[in-house]
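# A structural walkthrough
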Amino acid sequence: MAESLVRLKSVSKSYGGVPALTDVDFQCEAGLIHAILGENGAGKSTLMKLLAGVIQPDAGEILVSGKAARLTSPREATRHGMVCMFQELSLMPHLSVGDNIVISAPRTRLGLLHPAAYEQARAMLDRIGANGISLSARASELSLAERQLVEIAKALFRRPRLLILDEATSALTRKHIEIIFDVLRELKRQGVAILFISHRMHEVDAIADRISVFRNGRHIDTFNAGTRSPNEIINLMIGRSLEELFPARDASSDQNAPVVLNVSGLSWNGQLLDVSMHVRKGEIVGLGGLDGQGQQHLMHAVFGVLRGVSGRLEVNGRPLSGPSPSRTKQADIGLALVPEDRKTEGLILDMSIAKNLRLAALGRVPFGILDSDNESEARIRRLIERLSLTYGSLESPVATLSGGNQQKVVIAKWLALSPRCLLLMDPTRGIDLPTKAQIYRLLRELAREGLAVILQSTDYEELIHLCDRVYVFYGGRIVSKLTGDQLTPSALIAASMNLPNSASAHA
Amino acid sequence: MSLLRRNRSLTITIAALTVLFAVFIAIHPRGFSTYVMTIWFNQGALLGLAAISQFFVVLVRGVDLSVGPTIALTNVVASYLLLGSPAAITFGIIAVLLVGTLCGLANGIAVVYGRIQPIVATLATGGMISGLALWLRPTPGGSVDEALSDALTYDIYGVPASAIMLLVVLLVLHMPLRRSPLGLAMYAVGSSEQSAYMTGVRVRQVKLAAYAASGTFAALAGLYVSMVTLTGDPGIGPAYTLNSIAAVVLGGIALSGGVGSPLGAIVGALILKTISSLMFFSGLPPLAQPFFEGLVLALAIVLGAFGMINVRNRLELFRQ
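Thresholds applied
Residues numbered from 1 in each chain as written. Chains lettered and ligands numbered in written order. Predicted model: local features only at pLDDT ≥ 70, side-chain atom pairs only at ≥ 80, totals over all residues. Helix = DSSP H or I, 4+ residues; strand = E, 2+ residues; numbered from the N terminus. Rg over C-alpha atoms; globule rule 2.2 N^0.38 Å. Buried ≥ 20, exposed ≤ 12 C-beta atoms within 10 Å, placed from the backbone. Core = buried A, V, L, I, M, F, W, Y, C linked by C-beta atoms within 7 Å. Contact = placed C-beta atoms within 7 Å. Nonpolar A, V, L, I, M, F, W, Y, C, P; charged D, E, K, R; others polar. Axes fitted to C-alpha atoms, helices over the stretch in contact; angles between N-to-C directions. Parallel < 35°, antiparallel > 145°, perpendicular 65-115°, else oblique. Pairing = 2+ DSSP bridges.

## Some words on the overall build of chain B
When helices and strands are tallied, chain B shows 15 helices and 2 strands. Here chain B has a C-alpha radius of gyration of 20 Å; the compact-globule value for 320 residues is 20 Å, and the two agree. In terms of overall dimensions, chain B has C-alpha extents of about 60 × 45 × 35 Å along its principal axes. Burial analysis of chain B (320 residues in total) assigns 47% to the buried set.

Following this line, the structure appears as structure tokens:
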């Protein structure tokens, strides 16, 4: 057999001690469409970034056509024929569509860009069915779907030998996807290798020749398309259970407990559509689904970060209108939000641990003068103990803590306000297992004490083992509400991909 | 029509300049004449070249506080070298341009390889460059070739030489900026450094080139100062630095990078010069002038920030 186009030999990569890929052997061949499947955090994106030259492996090597290649930058990777179209878009917003495409592989005449390059860019757009996009339009004026099309044209313009598509079609309509799939099949006939990442099983079914499954940073299995059933594939993706991580669930939450937060008919900017949900005192409610389906926007809408939200919000039975973070955190409303990105939104990294812990409570004290009876001080001390925060000195900057301990500080700073409803956005992302377990236990205890908890997570295990009820989002809507026995991995994954759930019907 | 809409801010700026210029001519005691036009364009060319220098750095998302000092240094160097035979003067011009380019390159190296924020890096280099200028010529003095000065600061058949010079600069810059890989890459890096990197643009080299170009244009401004004043003065820097920043802001060049053109920079410079001339003739006390210049700048910034009103996620207001 001929040499594989690209081959990874025992490649490992970790971020700040958290492994993202462990000892991965992987290869892909010219003239094949190869789908990569796995849950969030399985290592798919890390794999793509390695191949695209965005990051370098800690160990192992990458061979291109049998020769070791050092992909030190996207430019280097492109030189080897590896072109990636990322879901995080690579368009320059202020440049025209034509300039955006042409600059990726400039050809010149007399030192100026060749006019023919623009004609080719036009031809490339037409080929993928983007006839409506003008070359002179600015990238920032385009819709998300149009930007994806330009990204695809831009990737094809570079004449890849290996084309990597990472959720490349997530915003496109069925019609456009068909056109693009035809183009991909044609490229395949010309001998281009295609790596295809998608969460949509029917897309993978439609186009993949070969499928690889990744889980927890490891390459689990590779097989030809059509040799495994969807259920078998989903089981491969889920893998072993992490049950020991999670605290025992209470028998069942009290269905008569008062509703703390009630959301009805909430919509925002086309990205939240008629969302209704509620959480009772003492409940942990999960918001599930693929990344970016509206869960985060719902959290922001409730906490008052978004403008122009329509629909009804009720807290403790009283309507909440025109909220803003400084208001929703007041004692009479009692909401607290642990944001998604602890480094930029949750903490002020250069400030000391002690100051960060006091930050959220500042607005509560009259005239901003810290209270003299040390009451809040004592409360913070108790919280630190309860969270078993590991630190050198409370006066050292928060940046010196590990990721897990930083997250504990974010949680503690909000608990210091004694909120009634705690909103958490993916609180365990990138955190080591023991700390995860501590956070889970804490959340369960808090719920038992009567706190209402809303947990947004992309980790299925977390939603299944910790939550009393899970709302699954897809395209800005809640497509499914799962409770009790319905909360199974296959049901959750199927709902996230908006598939009818055949698996759980038989379970 | 769509061309007009896409360049809306530039269109507004040019319209504002036209109105200001009309008022200026109307109240000027000598009215529309070659003499008035020549003075006006000479003044505008001085700041216009400084603004183009600033433009290159702002384009790649920086800000250059050493524009003024570089103008002062190159002016001082010119006051030593622009004398004698045509060959000597040619050599002098090349040397002056080289000095400016090196100053710009030093800024670029500090920003790109030293990873220092542009405002801090250029504050430091600006101080050093000012020091060099003072060292070379502690007090104003020296002289330059008068024939060359006359040729560049008077008019040619009634058209100010400085206007022709600005036009040539714009024409020479247009194609390389918009249609060469390097020029386009500067816009790309300013628009989104990360996207440019992912696209395979050599981000560091492009930034270095932008800073070097900025230095070259500061040297051109320094040369032109020598043509207008006929001497070398190490103390002219500070006014040029701040006015060049004001000019690019007025000219619709986004301080967040990736947007704008040399034409905008020149129009912005002409607006600033016209405003200060208007104040001179309007009888306002000279000490009140900075207040009104600041006011105009503030209004321009408010106009430019209108886009923020439609932001629907408050978190985006904090991301810049």
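Picking up after the structure, the text goes on.
## Some points on the nonpolar core
The biggest cluster of nonpolar side chains holds 152 residues, and the ones touching the most others in it are A:Ala153 and A:Ile164. At 17 residues, helix H11 (residues 203-229) of chain B tops the list of elements feeding residues into this core. Setting aside chain neighbours within four positions, we find A:Ile164 in contact with A:Met48, A:Leu51, A:Ala52, A:Met82, A:Val83, A:Cys84, A:Met85 and A:Leu195. Counting 75 residues, the second-largest nonpolar core is a separate cluster that includes A:Val305, A:Ala360, A:Trp414 and A:Leu415.

## Some points on the interface of chain B and chain A
If you look at the interface, chain B gives 24 residues, while chain A gives 24 residues. Elements with a minimum of two residues in the side of chain B that touches chain A: helix H8 (161-179), helix H9 (181-191), helix H10 (193-199) and helix H15 (314-318) of chain B. Take the side of chain B that touches chain A: its biggest share by element is 6 residues, from H9(B). Grouping the constituent residues of the side of chain B that touches chain A by class yields 12 nonpolar, 8 polar and 4 charged.

## Looking at the packing of H8(B) against helix H13 (residues 262-282) of chain B
Residues and elements named next belong to chain B. In contact at an axis separation of 10 Å, H8 and H13 are set at 155° when each is read in the N-to-C sense. Comparing their axes, H13 and H8 come out roughly antiparallel. Contact with H8, carried on its side by Leu166, Leu170 and Leu173, involves Pro262, Leu263 and Ile266 of H13 and no other residues of that element.

## Re the environment of A:Leu184
Looking at the secondary structure, you find A:Leu184 in helix H6 (residues 174-189). In this structure, A:Leu184 is in contact with A:Ile33, A:Ile194 and A:Ile207, ignoring residues within four places of it in sequence.

## Re the sheet that holds strand S4 (residues 59-64) of chain A
Residue and element names in this part refer to chain A. Across the sheet, which stays open at both edges, the 4 strands sit in the order S2-S1-S4-S5 with antiparallel pairing between neighbours. Of all strands in the sheet, those bounded by a partner on one side alone are strand S2 (18-28) and strand S5 (67-68). Bridge analysis of strand S1 (residues 6-15) against S4 gives 5 bridges, and the strand direction is antiparallel. Following the sheet pairing, arginine 7 is matched in S4 by leucine 63.

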